[in-house]
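# Working through the structure, step by step
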Amino acid sequence: FLKLDQYEFQEPKLEKTYIYSKKQRARIDIEAISIDEKSIIIIENKFKSFPYLEQLVLYDKIYNKHHKGKNHYKFLMCFNKDIIGKFPNWIIKDYKDLLEHIKTSYDLEKKDEETIFIKHYYEILNEYFVAYKKLENDFRDLLINPYHEDNKFWLKVFYSAFKLKLEKYFLQ
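Just so you know, these numbers come straight off a predicted model, no measurement behind them. (Residues numbered from 1 in each chain as written. Predicted model: local features only at pLDDT ≥ 70, side-chain atom pairs only at ≥ 80, totals over all residues. Heavy atoms only, no water.)

All right, on to the pattern of salt bridges then. Opposite charge on two side chains makes pairing possible when the charged atoms of those side chains draw close. Overall, the coordinates contain 12 salt bridges when judged by the stated rule. Asp29 serves as the salt-bridge partner of Arg27, at 2.8 Å between the closest nitrogen and oxygen. Arg27 sits in the partly exposed class, given a relative accessible area of 40%. For Lys103, the salt bridge is made with Glu100, and the minimal N-O distance between the two is 3.9 Å. Residue Lys103 and its partner Glu100 are located together in helix H3 (residues 95-105), separated by 3 residues, close to a single helical turn. For Glu100, a relative accessible area of 40% puts it in the partly exposed group. (Salt bridge = Lys/Arg side-chain N within 4 Å of Asp/Glu carboxyl O. Buried < 20%, exposed > 50% of the residue type's maximum accessible area, 1.4 Å probe, protein only. Helix = DSSP H or I, 4+ residues; strand = E, 2+ residues; numbered from the N terminus.)

One finds Phe50, Phe79, Trp90, Tyr132 and Trp154 to be the most contacted residues of the largest nonpolar core, which totals 44 residues. With 7 residues, the top contributor of residues to this core is helix H6 (residues 149-171). Discounting residues that sit within four places of it in the chain, Trp90 has contacts with Ile42, Glu44, Leu56, Tyr59, Asp60, Lys74, Phe75 and Leu76. (Core = buried A, V, L, I, M, F, W, Y, C linked by side-chain atoms within 4.5 Å. Contact = heavy atoms within 4.5 Å.)

Here strand E1 (residues 13-19) pairs with strand E2 (residues 25-33) via 6 bridges, running antiparallel. Looking at E2, one finds that Thr17 is bridged to Arg27. Counted along the chain from E1 to the antiparallel partner E2, the turn is 5 residues long. Taken together, the 4 bridges between E2 and strand E3 (residues 39-45) define a ladder with antiparallel strand orientation. Each residue of the ladder has a partner; that of Ile33, found in E3, is Ile40. Connecting E2 to the antiparallel partner E3 that follows it, the hairpin turn spans 5 residues, and Glu37 within it adopts a positive phi of roughly 60°. (Pairing = 2+ DSSP bridges.)

Written as structure tokens, this is what we have:
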């Protein structure tokens, strides 16, 4: 999916925290360093929100400071890559891309443990993606009962998308 088959990587680290300065720190969702330690993969999975510009800029600063000289492969996953647009040095994919990759790359009818896990993940992610697409067209129901647990999740996603759109608008 990431198209980095030419590299072998050490075991990935989940939720890696970096301190950039006294006031700036960041938690990276997934990080993997190549066995030869010349390359690094950074994956930011924005499932509960969309990224803020300052967050991605901070990540760039962190990796330029802590992993200077390495090849950086930075991936951002979210519900809708079109909202984000392009951001220098980041490969942006959305869950539609991931769902399509799983559907075309795996035989989900197999019964081995790995396939069952992948199929389960696919089904859950697909449910969320379908719900996102439905709410993207009309999220008035979320505003009627904003304190319902499911609605709080989706409102956080859509408010962060709105913030991102405002940032892009005012930066033009």
